[in-house]
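Architecture at a glance
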Amino acid sequence: MKKQHINRKHNFPDADLYQMCIQSVKNAKRDLEQFEKYGYPESRMRTFFNLTDQFKDLPDDEELLGDQMVMTEKKYEAAEKLKSAIRSLMMRVAMKYSNKTGRYRKFGTAKMGDMTDAQLIFCGRRVVRVARQQADFLDDVGVNDNTIRRISDACQRFENAVNIQHDRVANRDIAVESRVIKSNKLYEELIILCNIGKDIWAEKDVNKYEQYTIYESNNEQKKARKEKMSTPD
């Protein structure tokens, strides 16, 4: 069964969420006496602050994507080195046999540029295997243990690069999901805290009420400021 995708509960950047949480906790500490009447003690505020503080140190998606891209580049480099080693051997094979013969076709290197990562790994292994089988026939065109080992080593390095790149993709998915879960938890707590704060100052202090108001976008915030400025005292 496919795992259900976890969506963010807020429509603004995590950096804005962090700032909102920090400022709201400061406001709540100022209003601690009133918050305690709602069953929201200082210990809960401290826990909320600590979770927010930890959240800022989580790697964001740009950082994780950068790591993934570095590994992808290394994978491409390893792939090109493997292809180069294979082409060098196949040039020698073509010198011995026509590229239309069964001995040449047995290496299975046709359309190597269109192969997937998995297909290229299998191709590298096959070339090494077939080259060893035909080593005695190809000795006079310079195919020897060193030639074959170059392909074998390049194939292993490419396979390692593919695995590492896959790990980076998986790690990024896990980290992004974990970040979403934690940001949702912070947002839920922020809503609770701000709802209490607004209830405390509703019809008592407009400015303090406004400090607990959450805007889902900059546009909403601009509209609220415009309305506030146009409202006569």
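Here goes a summary of the coordinates provided. Since this is a predicted model, take the numbers as computed values, not measurements. (Residues numbered from 1 in each chain as written. Predicted model: local features only at pLDDT ≥ 70, side-chain atom pairs only at ≥ 80, totals over all residues. Heavy atoms only, no water.)

1. Some details on the pattern of salt bridges
Here the structure, examined in full by the defined rule, presents 13 salt bridges. R8 serves as the salt-bridge partner of D14, at 2.8 Å between the closest nitrogen and oxygen. Judged by its relative accessible area of 12%, D14 falls in the buried class. Given the relative accessible area of 38%, R8 is considered partly exposed. Among the ionic pairs, D117 bridges to K75, the shortest N-O distance being 2.8 Å. Remark: K75 occurs in helix 4 (residues 61–96) and D117 occurs in helix 6 (residues 117–133); sequence separation between them is 42 residues. Classification of K75 as buried rests on a relative accessible area of 7%. What you see here is one network of salt bridges that share partners, running through R8, D14 and R179. (Salt bridge = Lys/Arg side-chain N within 4 Å of Asp/Glu carboxyl O. Buried < 20%, exposed > 50% of the residue type's maximum accessible area, 1.4 Å probe, protein only. Helix = DSSP H or I, 4+ residues; strand = E, 2+ residues; numbered from the N terminus.)

2. Focus on the side chain of T147
Relative to the elements of secondary structure, T147 occurs in helix 8 (residues 145–201). A relative accessible area of 15% means that T147 is categorised as buried. When sequence neighbours within four positions are dropped, the list of residues in contact with T147 reads L89 and G142. (Contact = heavy atoms within 4.5 Å.)

3. Concerning unusual backbone geometry
Generally, phi is negative for residues other than glycine and the peptide bonds are trans, each holding for most cases. Even without a glycine there, the phi angle at K111 is positive, about 55 degrees. Mapped onto the elements of the fold, K111 is located in the loop between helix 5 (102–105) and helix 6. Located in the positive-phi region is E203, a residue other than glycine, with phi close to 65 degrees. Taking the relative accessible area as the measure of exposure, E203 reaches 87% and is therefore exposed.

4. Some details on the packing of helix 4 against helix 6
Contact pair helix 4 / helix 6: the axes reach a minimum separation of 11 Å and the direction vectors enclose 30 degrees. As judged from the angle between their axes, helix 4 and helix 6 are roughly parallel. With respect to the hand of their crossing, helix 4 and helix 6 are arranged in left-handed fashion. On helix 6, the residues that touch K75, A79, L82, K83, I86 and L89 of helix 4 are D117, L120, C123, G124, V127 and A131. Split by residue class, the contact of helix 4 with helix 6 holds eight nonpolar, one polar and three charged. (Axes fitted to C-alpha atoms, helices over the stretch in contact; angles between N-to-C directions. Parallel < 35°, antiparallel > 145°, perpendicular 65-115°, else oblique. Left-handed = near helix turned anticlockwise from the far one by under 90°. Nonpolar A, V, L, I, M, F, W, Y, C, P; charged D, E, K, R; others polar.)

These figures capture arrangement, not role.
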